[in-house]
Amino acid sequence: DITDSDIPHHTKTCELILSTFSTMFTALKAKLLVNAMGEISFTADIWSSDNLDLYLAVTAHWIGQDST
């Protein structure tokens, strides 16, 4: 059976989400910088559907090095 102590407080959940996002964002930037000639621009959007499904979209734009 699940008890209240099994469910993390909303502040802990938020902390875990932000920590994971930060870790993944740093890793993504490191991978993209290998081929980027300069700065990388990131945008993000969060939304929910009518039935409360949650979505997060992250896009990145950069100019890559020509390999030819």
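Just so you know, these numbers come straight off a predicted model, no measurement behind them.

Calculation rules
Residues numbered from 1 in each chain as written. Predicted model: local features only at pLDDT ≥ 70, side-chain atom pairs only at ≥ 80, totals over all residues. Heavy atoms only, no water. Salt bridge = Lys/Arg side-chain N within 4 Å of Asp/Glu carboxyl O. Helix = DSSP H or I, 4+ residues; strand = E, 2+ residues; numbered from the N terminus. Buried < 20%, exposed > 50% of the residue type's maximum accessible area, 1.4 Å probe, protein only. Patch = residues over 30% accessible without salt bridge, like charges linked within 9 Å, V, L, I, M, F, W, Y side chains within 5 Å. Areas by Shrake-Rupley, 256 points an atom, 1.4 Å probe, with all protein chains shown as cover. Pairing = 2+ DSSP bridges. pLDDT = per-residue confidence, 0-100.

1. Comments concerning the pattern of salt bridges
Phase 1: All told, the structure shown has one salt bridge when counted by the stated rule.
Phase 2: A salt bridge links glutamate 15 to lysine 12; the nearest nitrogen and oxygen atoms lie 3.4 Å apart. Placement of both glutamate 15 and lysine 12 in helix α1 (residues 10-33) is noted, with a separation of three residues, approximately one turn of the helix.
Phase 3: Note on glutamate 15: relative accessible area 48%, which makes it partly exposed.
Phase 4: Residue classification places lysine 12 among the partly exposed positions, given a relative accessible area of 38%.

2. Here's the deal with unusual backbone geometry
Phase 1: If you check the backbone angles, leucine 52 has positive phi at about 70° while not being a glycine.
Phase 2: In this structure, leucine 52 sits in the loop between β1 (41-48) and β2 (54-61).

3. Notes on a nonpolar patch on the surface
Phase 1: On the surface, Phe21, Leu28, Ile46, Leu56 and Val58 cluster together to form a nonpolar patch covering roughly 460 Å² of accessible area.
Phase 2: Elements with a minimum of two residues in the nonpolar patch: α1 and β2.
Phase 3: Locating phenylalanine 21 in the fold gives a position in helix α1.
Phase 4: Overall, phenylalanine 21 belongs to the partly exposed group, its relative accessible area being 38%.

4. Some remarks on the pairing of β1
Phase 1: Summarising the sheet, β1 and β2 pair through eight bridges and their orientation is antiparallel. Each residue of the ladder has a partner; that of phenylalanine 42, found in β2, is alanine 60.
Phase 2: In textbook terms, the turn of a hairpin is the stretch between consecutive antiparallel strands, and for β1 and β2 this stretch comprises five residues, one of which, leucine 52, has a positive phi near 70°.

5. Side note on the confidence of the model for the protein chain
Phase 1: Within the protein chain, residue pLDDT values average 85, and 96% of them lie at 70 or more.
Phase 2: Model confidence for the protein chain, summarised as mean pLDDT per element, is weakest for α1 at 87 and strongest for β1 at 90.

6. Looking at the environment of leucine 18
Phase 1: Residue placement: leucine 18 occurs in helix α1.
Phase 2: The class for leucine 18 is exposed, based on a relative accessible area of 54%.
Phase 3: When the C-alpha atoms of leucine 18 and tryptophan 47 are compared, they prove to be 16 Å apart, with 29 residues separating the residues in sequence.

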